[in-house]
Amino acid sequence: MTKIDLKKFIRDIPDFPKKGIVFKDVTTLLKDKDALKAAVDSLAHAFAGKDIAYVVGIESRGFIFGTALAYTLGVGFIPVRKKGKLPARTRTVTYDLEYGTDTLEIHADALKEGDKVVIIDDLLATGGTVAAAVKLVADAGARIEGVGFIIELSFLNGRTKLGNLPVFSAIQY
Ligand code: AMP
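Residues numbered from 1 in each chain as written. Predicted model: local features only at pLDDT ≥ 70, side-chain atom pairs only at ≥ 80, totals over all residues. Heavy atoms only, no water.

(A) Examining the site of the ligand more closely. Around the ligand, a shell composed of 13 residues is seen, among which Arg61, Asp122, Thr126, Gly127 and Thr129 lie nearest. Within the contact set of the ligand, a nitrogen atom lies 2.9 Å away from a backbone nitrogen or oxygen of Val22. Isolated, the ligand exposes 490 Å² of accessible area, and the fraction of that covered by the protein chains is 81%. Partitioning the shell around the ligand into residue classes produces five nonpolar, four polar and four charged. (Near = heavy atom within 4 Å. Polar contact = N/O pair within 3.5 Å; in protein donor to acceptor, adjacent residues only side chain to side chain. Areas by Shrake-Rupley, 256 points an atom, 1.4 Å probe, with all protein chains shown as cover. Nonpolar A, V, L, I, M, F, W, Y, C, P; charged D, E, K, R; others polar.)

Below is the structure:
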């Protein structure tokens, strides 16, 4: 397999969605068939052999990479969504943002005690979003075997919110 420099496929968008934020645009990576394959394969390689039952993906770019990973590993996919989107009964967690709060939900019957899962999002920044997803999954009694991202903004130290959980990221800044 040719080694691909995934960083080359990430597009920086300054001042999006607000001034001072450099948005890491992954649509340019998704568009390239070799980069897409390399990105999903790197996640699959990180979590192969862990005997996981489900990939849990965080809305919305975590759905893209998470579902591709689930397909690659031959396991099922479970969505964690923003408030009010999931149709059946949910379990909910509210977490702090820079200004205000946000809420994530998972279907109450999606996971059962002891299910082994990995949690996927496109990007780890401060870690608040993934920590909320970790809480949803842990409260259901499932076992988190790892947490994976395409991009990690290491200078924001998001890993510190994830305790001892194994964290994989394909690209670091
Ligand atoms: P955080 O909760 O701070 O770790 O933020 C992670 C979530 O916000 C992920 O779902 C990312 O998709 C999104 N996000 C945060 N910062 C950025 C960024 N600089 N570029 C793209 N997405 C970001």
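Alright, that's what it looks like, and here's the rest.
(B) Looking closely at helix α3 (residues 61-73). With 13 residues, α3 ought to run about 18 Å at 1.5 Å a step, and its terminal C-alpha atoms sit 18 Å apart, in line with that. By the burial criterion, the buried members of α3 are Gly62, Phe65, Gly66, Leu69 and Ala70. Axial view of α3: buried residues confined to an arc of 135 degrees, hence all on one face. Where the residues of α3 are buried, they touch α1 (27-31), α2 (33-47), β3 (54-58), β4 (76-82), β7 (116-124) and β8 (143-152). Once α3 ends, the next one or two residues include Gly74, with phi positive near 75 degrees. (Helix = DSSP H or I, 4+ residues; strand = E, 2+ residues; numbered from the N terminus. Expected span 1.5 Å × (residues − 1). Buried < 20%, exposed > 50% of the residue type's maximum accessible area, 1.4 Å probe, protein only. Arc of directions from axis to C-beta. Contact = heavy atoms within 4.5 Å.)

(C) Focus on the packing of aromatic side chains. For the coordinates displayed, the defined rule picks out three aromatic pairs. Ring centres of Phe16 and Phe23 lie 5.2 Å apart, and the angle between their planes is 85 degrees; this geometry places the pair in the edge-to-face category. A centroid spacing of 6.4 Å and a plane angle of 80 degrees characterise the contact between Phe47 and Phe168, whose relative ring orientation is edge-to-face. Highlighted residues: Phe47 in helix α2 and Phe168 in strand β9 (residues 167-172), separated in sequence by 121 residues. Here Lys7 stacks its cationic end above the ring of Tyr173, 4.7 Å away from the centre of that ring. (Phe/Tyr/Trp six-rings, centres within 6.5 Å; stacked < 30°, edge-to-face > 60°. Lys NZ or Arg CZ within 6 Å of the ring centre and 35° of its normal.)

(D) Up close: the side chain of Thr103. Residue placement: Thr103 occurs in strand β6 (residues 101-107). Those residues in contact with Thr103, other than ones at most four positions away along the chain, are Arg81, Lys82, Lys83, Thr92, Val93, Thr94 and Tyr95.

(E) Spatial organisation of the sheet that holds β4. Read across the sheet, seven strands follow the order β5-β6-β4-β3-β7-β8-β9 without closing on themselves; strand pairing throughout is mixed. Each of the sheet's edge strands pairs with one partner strand only, and the pair in question is β5 (90-96) and β9. Strand-to-strand twist of the sheet, defined as the mean angle between neighbouring strand axes without regard to direction, takes the value 20 degrees. In this structure, β3 lies alongside β7, joined through four bridges in parallel fashion. Its bridge partner being in β7, Val56 is matched across the sheet by Ile119. Its contacts with the sheet place α2 against β7, β8 and β9, and it is angled at close to 150 degrees to β8. Most of the contacts of α3 go to β7, to which it runs at about 140 degrees, and overall it touches β3, β4, β7 and β8. (Pairing = 2+ DSSP bridges. Axes fitted to C-alpha atoms, helices over the stretch in contact; angles between N-to-C directions.)

(F) Fine view of the pattern of salt bridges. In this structure the tally under the stated criterion is 13 salt bridges. The partner of Lys37 in a salt bridge is Asp41, and the shortest N-O contact between them spans 3.1 Å. With Lys37 and Asp41 both in helix α2 and four residues apart, the pair spans about one turn of that helix. Ionic pairing is found between Asp139 and Lys135, a salt bridge with its closest N-O pair at 2.8 Å. With Asp139 and Lys135 both in helix α4 (residues 128-139) and four residues apart, the pair spans about one turn of that helix. For Lys135, a relative accessible area of 42% corresponds to the partly exposed category. (Salt bridge = Lys/Arg side-chain N within 4 Å of Asp/Glu carboxyl O.)

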